[in-house]
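Here is how the chains run, residue by residue.
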Amino acid sequence: MCLEYKKSVYKDYVYMKEYNSLLGQNVLLTDCYTELLIIQRHRGQNEREKEICFRGEKFFSARDSEKYSNFTVEQFFSPDDHGLIPKAVVLQGNSGNGKSFTAQKIMLDWASSKLYADNFDFIFHLKCEDFNKISEEKSLVELLRYSQSLTPAQISQILQHSPERVLFLIDGFDELKLSQDNMSNLSLPTVQTPPSPESTLKALLSGRLQYKSSLLVTTRSTATDRLNELLKKQPQRFTEIMGFSERGVEEYFQRFFKDDQLLQTQAYELVKTNETLFTACSIPVICWIICTVFRERCKDGFDASSGLDTTTSIYVDFVSTLLEHRCQGLSQPVPSLLRSLGQLAERGMLEQQVLFDKKSVSETVSDPTNNPFLCKFLFKRKIRQETMFSFLHLSFQEFFTALYYALLNEEESQRIVRDLLQSLDSTQLEQQRNNKLYFLPVIQFLCGLSNEEVNISLVETHKLSVSPNIKAQLKEWIIFLQEGNMYLHRDMRMFILYCLYELHDEDFVKKAVEIWENIDLSGIPLRRTDCWVLQYCLQFCPHIKKLSFICCNITAEKLKILQPAVSKREELALMVENLSDDDIGVLVSAVGEGKNLSSLELQNSVMSDQGVQQVLCFLNKQKNVDEFYLTVKTITPNTAAMIIEFFQNEMILTDISVKVCGLGVKSFCSSLSVSVTDGDFRLSVEDYRGTDLDEQFDALMSFLNSVSGLKKVDLNVISLTESWAARILSLIQTCPSLQDISVEVCGLSNLNLCSSLRASVTDEDFRLDLEDASLTIFSEMDEYSSPQTEPLISEISLTCPRSETSNINWTKFTQTIYGVNISRENSPEYDRLDDLLSFLNSVPGLKKVDLNVIRLTESRAVKILSLIQTYLSLQDIRLSFGEDTRKSSEISSPQTEPLFPGISLTCPYSEISNISWATFTQIIHRLKDATEEWTDLDEQFNALLSFLSSVPGLKVVDLIVISLTESCAARILSLIQTCPSLQDISVEVCGLSNLNLCSSLRASVTDEDFRLDLGHDGWSRFSERGESSDESSVESSEISSPQTEPSLSGISFTCPYSEISNINWTTFTQIIHGIRDATEEYVL
């Protein structure tokens, strides 16, 4: 009996009818069934909201996560986590997601002994749609007989003797018309008692009838709350059928076009180009609609490459399919149903929501539970449940909003569309400030509904028509957006192109873009959808001469879509990613020949040398190429040679750059670039992978020396030894055309001569700069920061006549620098600086020297300053020094702060031989180490003033001091009297003390007059310091108190120079000091 029943079931389910099948047209169920994504959990509100809003690859990527791990039909009756086998399984899903299709496949696989053979001997398929047609009372046996081939006696025997081996598959519970009768009021039917079909099904679900049997119930989400009230069998398992995953969509296309591989590939790739449609393909019914439309178009002789219908047309077909096959039981007429859905959709768009509460839905849509275009969800809210509704996807909400506007009466429709378009003016769209930007997809759907073919379909199918005035309004608005705005934002251009694509009006496309001279979409990541829309619109725009697609995520696949449009343009700027040897043909075909390529970039390509050669040959056929950038996995010597040779032989290019896009790959170099600027040829080769250049260094220098007319060389090296530096500098001598050579050292080693080196040549002079930036790094490392190995010189710069560079021994120079910085000699009699000074004395025509010495003793300072006396050509010597970082905290502490930070003096060059530099450095050193005891400071200060008085022809003196007392100020001013040649003396006080006479002092002399300026800004600094601290000392508060505010903050006076010898500066400074310290009563 079981085998016979299985044979009968197999015959009933082996074939299936499609929605549009004619009489006798059946297809094998196994040929078209594609596995659907099923999950075993309830989804939360946030998760549902995100899925409703996601599109394209982002939508399907979310379904590939662990949250969506597939739960197969075979697992429905497997033990749960507690080892219990469920007695009732619920399969929930939205309209068109494949619930009934899955039920049919379950029946077929069971009849074929492929499914549940160990679980059930009999499966009875109860279609709720059929039960609605039964008006008379029937027992369970009669109901089963109604749809199965068994006799009543056989069915009774099965149900009575082995009920635990029976599965009731109740398909389409949401379609069952249930009364509101309470279960307790219903009489308990038996297998023979003939109650109403409704009572029988309720008894089955509750377990009051056939409680040992198992249940599998399919339902839409809108009926789950009713099912939850009736279903009492335990244990239960909840599952949700989600439709197709991305892999499922592709497999469906493969099955549908199994006899035509080319057609299958073309259809699937075209759907992937449209993100909205591709997202909708998760719904199996939409997959079927798209494949059917595509197949019929090809049968009618349309070229497959001409593409699919518009997005709107597919949505219209989907709505028509559900209206025909899922809405027979609804009491509302179609126009009223669509209008109510549109009102709900518009409310959601205005309020920017995709989930609706039960109350708001019920106010708009009658019988929302049975509406196939809505989904219903139950969410836990603390101790209760909350019912929410949504459309199948945000795109359907946008579509129904547009449909609502289109189907209003003509006057109202025009008003709403006009108001919507006026709220989206070009200025707000450009700045993306408008709060109605989310209505842009609605406008696209309005354009699609105004499409002539779509309008005809609506009239023929549902006797619905879209006002032609809407189409006119949309066209007028699109033209208005561009008037006076030749440089429309790239995003807005794409939006307009989408609208034109949905309208599908060739003449209007030409008119709408006639003011566009070029299209620049650089920086916008183009999806496949965008490429298809561009291709469609550009075929009607031959006047557009230039296209720019830089940083647009263009792949070979997308370029193939754009090929008809790209190949017809005269000028291109193009970036293509992930190009392989197999893709070069696509590039060649798309671009063509004889073009002006302002830029061609091939990013992350995986081409071989042969592929690079093909691309170079392709470039040779162009009219002009300004820039060519190539990123590859590896650069071989052949690649480098080909590119350089091509650049030399073909003058169509001005710039070529090649880079390696990954690390750890064996490559000739990391990057190579060739360019021509203002007649100069530039070659750059870089390698960041730590390649050892020692063996090839001489060969490189020899090659550079052989380059005729070489002007500039930039090198980045891991290490720079003294011998390498000498060979690099020798290029200046052996290569007369060389004007600039620069070396950057990117590695750390105590063998490095320096961290950067630069030699430059002008018409008259040669300048060399060396810098050792590694000092700060080494000082943190014990191995290198010891005193005996700390570099002595961190920077050196020297300038000499260009004509003398051939007389300089660069080997000796680099050895000297290296020796000065790494010597371990600790003998007090040995100074590492002597060797450098000896070398500088040997440089012919030396003009300028800059030195930064880490430790500057007075003896070293004397030696360096003596260069001015012994070297007549030396015009400028600058000396700076840096303290040991390990002692910085001691230097900056208050008790050791130097009281004399700086001095500058100017005198005639002819007099420098008469100056005792040893005396000067001794005085400066003592001042630097002087304490705050004024007797000590006065002694050293008098010595400095005495030295300055002895400098013949002294012209200018600048001093920076920590403190300036009245006596010090008087002695400084006396210099004007005792030193007749002195023209300017300036003092800046950088310390805070209540003993300071002033904060600045300047005395200057002209031919006739003497001028003195004193300033005092110390009071404001004291008051700020007093306010900023909660723990101010008594002294600081006294200083900042009003009564100690200086009554005189500045003074300036001018008198004849001839009279300054008669001025008593001591009296003057005492008066100023007295006024500054006077109390308010005294001043008054």
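Residues numbered from 1 in each chain as written. Predicted model: local features only at pLDDT ≥ 70, side-chain atom pairs only at ≥ 80, totals over all residues. Heavy atoms only, no water.

- Identification of the protein chain as NACHT, LRR and PYD domains-containing protein 3-like from Chanos chanos is taken from an unreviewed UniProt entry.
- You can read under Subcellular location (unreviewed entry) in the UniProt record for the protein chain the words "Inflammasome". (UniProt positions renumbered as here; feature names shortened; annotations may be inferred.)

**Details of the environment of Val566**
Piece 1. If you trace the backbone, Val566 turns up in helix α27 (residues 556-566).
Piece 2. C-alpha of Val566 to C-alpha of Leu538: the two residues are 28 residues apart in sequence and 8.8 Å apart in space.
Piece 3. Setting aside anything within four residues of it in sequence, one finds Val566 in contact with Leu547, Phe549, Leu572, Ala590, Val591 and Lys595. (Helix = DSSP H or I, 4+ residues; strand = E, 2+ residues; numbered from the N terminus. Contact = heavy atoms within 4.5 Å.)

**Overview of the pairing of strand β21 (residues 740-745)**
In regular strands, side chains alternate between the two faces of the sheet.
Piece 1. The buried count for β21 comes to 5 of 6 residues, which makes it a mostly enclosed element.
Piece 2. For strand β20 (residues 712-717) and β21, the ladder comprises 6 bridges, and the chain directions are parallel. Bridge pairing in β21 links Val717 to Val745.
Piece 3. In this fold, β20 hands off to helix α32 (residues 722-734), which returns the chain to β21; that crossover is right-handed.
Piece 4. Bridge analysis of β21 against strand β22 (residues 756-761) gives 5 bridges, and the strand direction is antiparallel. Looking at the pairing, Asp740 lines up with Ser760 of β22. (Buried < 20%, exposed > 50% of the residue type's maximum accessible area, 1.4 Å probe, protein only. Pairing = 2+ DSSP bridges. Right-handed = clockwise from strand over helix to strand, strands pointing away.)

**Notes on the packing of aromatic side chains**
Piece 1. The full count for this structure, using the stated rule, is 42 aromatic pairs.
Piece 2. Within the aromatic cluster, the residues linked to one another by ring pairs are Phe59, Phe60, Phe244, Tyr252, Phe253, Phe256, Phe257, Tyr268, Phe278 and Phe294.
Piece 3. Taking the ring centre of Trp110 as reference, the NZ or CZ of Lys6 above it sits at 5.0 Å.
Piece 4. The ring of Trp516 has Arg493 sitting right over it, with the charged end atom 4.6 Å from the ring centre. (Phe/Tyr/Trp six-rings, centres within 6.5 Å; stacked < 30°, edge-to-face > 60°. Lys NZ or Arg CZ within 6 Å of the ring centre and 35° of its normal.)

**Section: a nonpolar patch on the surface**
Piece 1. There is a patch of nonpolar side chains on the surface, built from Val676, Phe681, Leu683, Val685, Leu700 and Phe703 and spanning about 480 Å² of accessible area.
Piece 2. Counting residues per element, the ones that place at least two in the nonpolar patch are β19 (680-686) and α31 (694-706).
Piece 3. Ranked by the residues each element gives to the nonpolar patch, the list is headed by β19, at 3 residues.
Piece 4. Assignment of secondary structure puts Leu700 in helix α31.
Piece 5. Residue classification places Leu700 among the partly exposed residues on the basis of a relative accessible area of 32%. (Patch = residues over 30% accessible without salt bridge, like charges linked within 9 Å, V, L, I, M, F, W, Y side chains within 5 Å. Areas by Shrake-Rupley, 256 points an atom, 1.4 Å probe, with all protein chains shown as cover. Salt bridge = Lys/Arg side-chain N within 4 Å of Asp/Glu carboxyl O.)

**Considerations on the pairing of strand β25 (residues 848-853)**
Piece 1. Most of β25 is tucked away, with 5 of its 6 residues classed as buried.
Piece 2. Examined bridge by bridge, strand β24 (residues 793-801) and β25 share 6 bridges and lie antiparallel to one another. Across the sheet, the residue bridging to Leu798 is Val849, located in β25.

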